[in-house]
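The chain contents come next:
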Amino acid sequence: SNETSGTEEIIAESFQQWHDSGGSCPEGTVPIRRTTEKDVLRANKLRRFGKKPIRHLRRDSSGNGHEVCNYHYQSLTHSIRGRKLLCFWWFLQVSPELYGDSYPRFFTYWTTDAYQATGCYNLLCSGFVQTNNKIAIGAAISPRSSYRGRQFDIGLMVWKDPKHGHWWLEFGSGLLVGYWPAFLFSHLRSHASMVQFGGEIVNSRSTGAHTYTQMGSGHFAGEGFGKSSYFRNLQTVDWDNNLLPLNSMHLQADHPNCYDVRQGRNTVWGTYFYYGGPGRNIRCP
């Protein structure tokens, strides 16, 4: 593929903005983003602070007005009483509602019931257990990729500890950030049923039209390297913690005139895809 001919511009390791000021934490402690009064006031209600807002919107594939562009691999679907159980983790986010700015941030969010009663952002309530003193969850990412400029990668991996059953998160080159304890989950006690990669936006249609919220770089997948956002070297982890290439993949874009996705495969990037878009435009009213 010629789409990835600019890969020599990629910096394989990306860090966080708070490191720029020389911030560090002593052994035995972890960095925690300071919660301000403004952070709490931005939440709908104090009891909802740290959780996803409950929205009553039109439903797309992921529900509650959330639109997705993703690439997913499915090995087994579990269900109880005919209803799929949905467990999610998300890791990269732009959320003025939560943080008060438009910086992309490395964050964690988990839920075991599709956002109904469980789940939490970062370390704002119990769930994720952080073990690393170099990564601040919820902190802004720096440096950041730019349109037609330099592109920066973040490596992420999630896998299950076969001995204790915890789900571990790795950031960059071997930095263990922490884990989600096994007791949080029911059907994830043994393995995951689906792995999804991609982007999500919230489209409330509060003005009766589609939101202008951008996904990824704000440019469609067809623009390719240096312009569109991407995932590369997609793999899954098997029972023996071996990395395996993906099979039986499926592309999904809820509204391809607003945000789209395009896949590829080569020897440098393995399995990859470009995704994103501008949101509301002449073809996406």
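Residues numbered from 1 in each chain as written. Predicted model: local features only at pLDDT ≥ 70, side-chain atom pairs only at ≥ 80, totals over all residues. Heavy atoms only, no water.

Colleague: For this particular structure, what's the right way to read the overall build of the protein chain?
Modeller: Helix and strand counts for the protein chain stand at 2 helices and 21 strands. Within the protein chain, residue pairs in contact and separated by at least 24 positions form 67% of the contacts whose partners lie at least 6 positions apart. Total accessible area on the protein chain is roughly 15400 Å²; 52% of this is exposed by carbon and sulfur atoms. (Helix = DSSP H or I, 4+ residues; strand = E, 2+ residues; numbered from the N terminus. Contact = heavy atoms within 4.5 Å. Areas by Shrake-Rupley, 256 points an atom, 1.4 Å probe, with all protein chains shown as cover.)

Colleague: Which parts of the structure should I look at to understand the side chain of asparagine 132?
Modeller: Mapped onto the secondary structure, asparagine 132 falls in the loop between strand E9 (129–130) and strand E10 (141–142). On the basis of relative accessibility, which here comes to 9%, the residue asparagine 132 falls in the buried class. Residue contacts for asparagine 132: discarding those within four places in its chain leaves Val30, Pro31, Leu175, Leu176 and Val177. (Buried < 20%, exposed > 50% of the residue type's maximum accessible area, 1.4 Å probe, protein only.)

Colleague: Explain the sheet that holds strand E16 (residues 229–231) to me, please; I cannot follow it from the model alone.
Modeller: Sheet strands pair via backbone hydrogen bonds, and the direction of the pair is either parallel or antiparallel. Judged by pairing direction, the sheet is antiparallel, and its 3 strands sit side by side in the order E16-E21-E20 without closing on themselves. Both edges of this open sheet fall to E16 and strand E20 (260–266), since each of them pairs with a single strand only. The sheet shows a mean angle of 25 degrees between the axes of neighbouring strands, direction not considered. Sheet topology note: the E20/strand E21 (residues 270–276) ladder contains 7 bridges and is antiparallel. Directly across from glycine 264, in E21, lies its bridge partner tyrosine 272. (Pairing = 2+ DSSP bridges. Axes fitted to C-alpha atoms, helices over the stretch in contact; angles between N-to-C directions.)

Colleague: What is the right way to look at the state of the cysteines in this model?
Modeller: Simply put, the disulfide is a covalent bond whose two ends are the sulfur atoms of two cysteines. Scanning all chains against the criterion turns up 1 disulfide. There is a disulfide in this structure between cysteine 258 and cysteine 284, and the S-S distance comes to 1.9 Å. Across the disulfide from cysteine 258 to cysteine 284, rotation about the S-S bond amounts to roughly 90 degrees, and the bridge is consequently right-handed. Remark: cysteine 284 occurs in the segment after E21 and cysteine 258 occurs in the loop between strand E19 (249–253) and E20; sequence separation between them is 26 residues. (Disulfide = S-S within 2.5 Å.)

Colleague: Even after reading the chapter, I still don't get the confidence of the model for the protein chain, so can you show me in this structure?
Modeller: Detailed reading of the predicted model is not advised wherever pLDDT is low. Taken over all residues, the pLDDT of the protein chain has a mean of 79, while the share at 70 or more is 74%. For the stretch residues 54–59, pLDDT sits under 50, and the model shows 17 contacts to residues farther than four places along the chain or on other chains. (pLDDT = per-residue confidence, 0-100.)

Colleague: Would you take a moment to explain the pattern of salt bridges for this structure?
Modeller: As a working rule, side chains carrying opposite charge can pair if their charged atoms are close by. A full pass over the atoms with the stated rule returns 2 salt bridges. Among the ionic pairs, aspartate 101 bridges to arginine 105, the shortest N-O distance being 2.5 Å. Per residue, the accessibility class of aspartate 101 equals that of arginine 105, and both read buried. Between arginine 232 and aspartate 153 there is a salt bridge whose closest N-O contact spans 2.4 Å. Of this pair, arginine 232 sits in the loop between E16 and strand E17 (235–237) while aspartate 153 sits in the loop between strand E11 (151–152) and strand E12 (156–160), placing them 79 residues apart in sequence. Overall, aspartate 153 belongs to the buried group, its relative accessible area being 9%. (Salt bridge = Lys/Arg side-chain N within 4 Å of Asp/Glu carboxyl O.)

Colleague: Which parts of the structure should I look at to understand the nonpolar core?
Modeller: One recurring pattern in soluble globular proteins: nonpolar side chains tend to sit buried together. In this structure, Trp89, Phe106, Leu169, Val177, Trp180 and Phe185 are the most contacted members of the largest nonpolar core, which totals 17 residues. If you tally residues by element for this core, the top one is strand E13 (residues 167–171), at 3 residues. The next biggest cluster of nonpolar side chains, apart from the first, holds 13 residues, and it includes Cys69, Met215, Cys258 and Val261. (Core = buried A, V, L, I, M, F, W, Y, C linked by side-chain atoms within 4.5 Å.)

Colleague: Would you explain the packing of aromatic side chains in this entry?
Modeller: Aromatic ring pairs: the centre-centre distance and the angle between the two ring planes describe each pair. For the coordinates displayed, the defined rule picks out 15 aromatic pairs. Ring centres 5.9 Å apart and planes at 65 degrees place the aromatic pair phenylalanine 225 and tryptophan 269 in the edge-to-face group. Pair noted here: phenylalanine 225 is in the loop between strand E15 (194–202) and E16 and tryptophan 269 is in the loop between E20 and E21, with a separation of 44 residues, a long-range link. By relative accessible area, phenylalanine 225 is classed as buried at 17%. Residue tryptophan 269 is classed as buried on the basis of its relative accessible area of 0%. Its guanidinium or amino end placed over the ring of phenylalanine 220, arginine 283 lies 5.6 Å from that ring's centre, counting from NZ or CZ. (Phe/Tyr/Trp six-rings, centres within 6.5 Å; stacked < 30°, edge-to-face > 60°. Lys NZ or Arg CZ within 6 Å of the ring centre and 35° of its normal.)

Colleague: Please explain the sheet that holds E12 as it appears in this structure.
Modeller: Pairing is antiparallel across the open sheet formed by 4 strands, whose spatial order is E9-E14-E13-E12. Pairing within the sheet leaves two strands with one partner each, and these edge strands are E9 and E12. In this structure, E9 lies alongside strand E14 (residues 175–180), joined through 2 bridges in antiparallel fashion. Opposite valine 129, over in E14, you have tyrosine 179 as the bridge partner.

Colleague: Please clarify how the environment of leucine 188 should be interpreted in this entry.
Modeller: Tracing the backbone shows leucine 188 in the loop between E14 and E15. By relative accessible area, which is 7% here, leucine 188 ends up buried. Expressed as a C-alpha distance, the spacing of leucine 188 and lysine 160, which sit 28 residues apart in the sequence, is 9.3 Å.

Colleague: I tried to follow the pairing of E21 on my own but got confused; where do I start?
Modeller: For a regular strand, side chains alternate in direction, first toward one face of the sheet and then toward the other. Most of E21 sits inside the fold, with 6 of its 7 residues counted as buried. Relative to E21, E16 runs antiparallel, the two sharing 3 bridges. Across the sheet, residue tyrosine 230 finds its bridge partner in E21, namely tyrosine 274. Hairpin connection of E20 to E21: 3 residues between the antiparallel strands.

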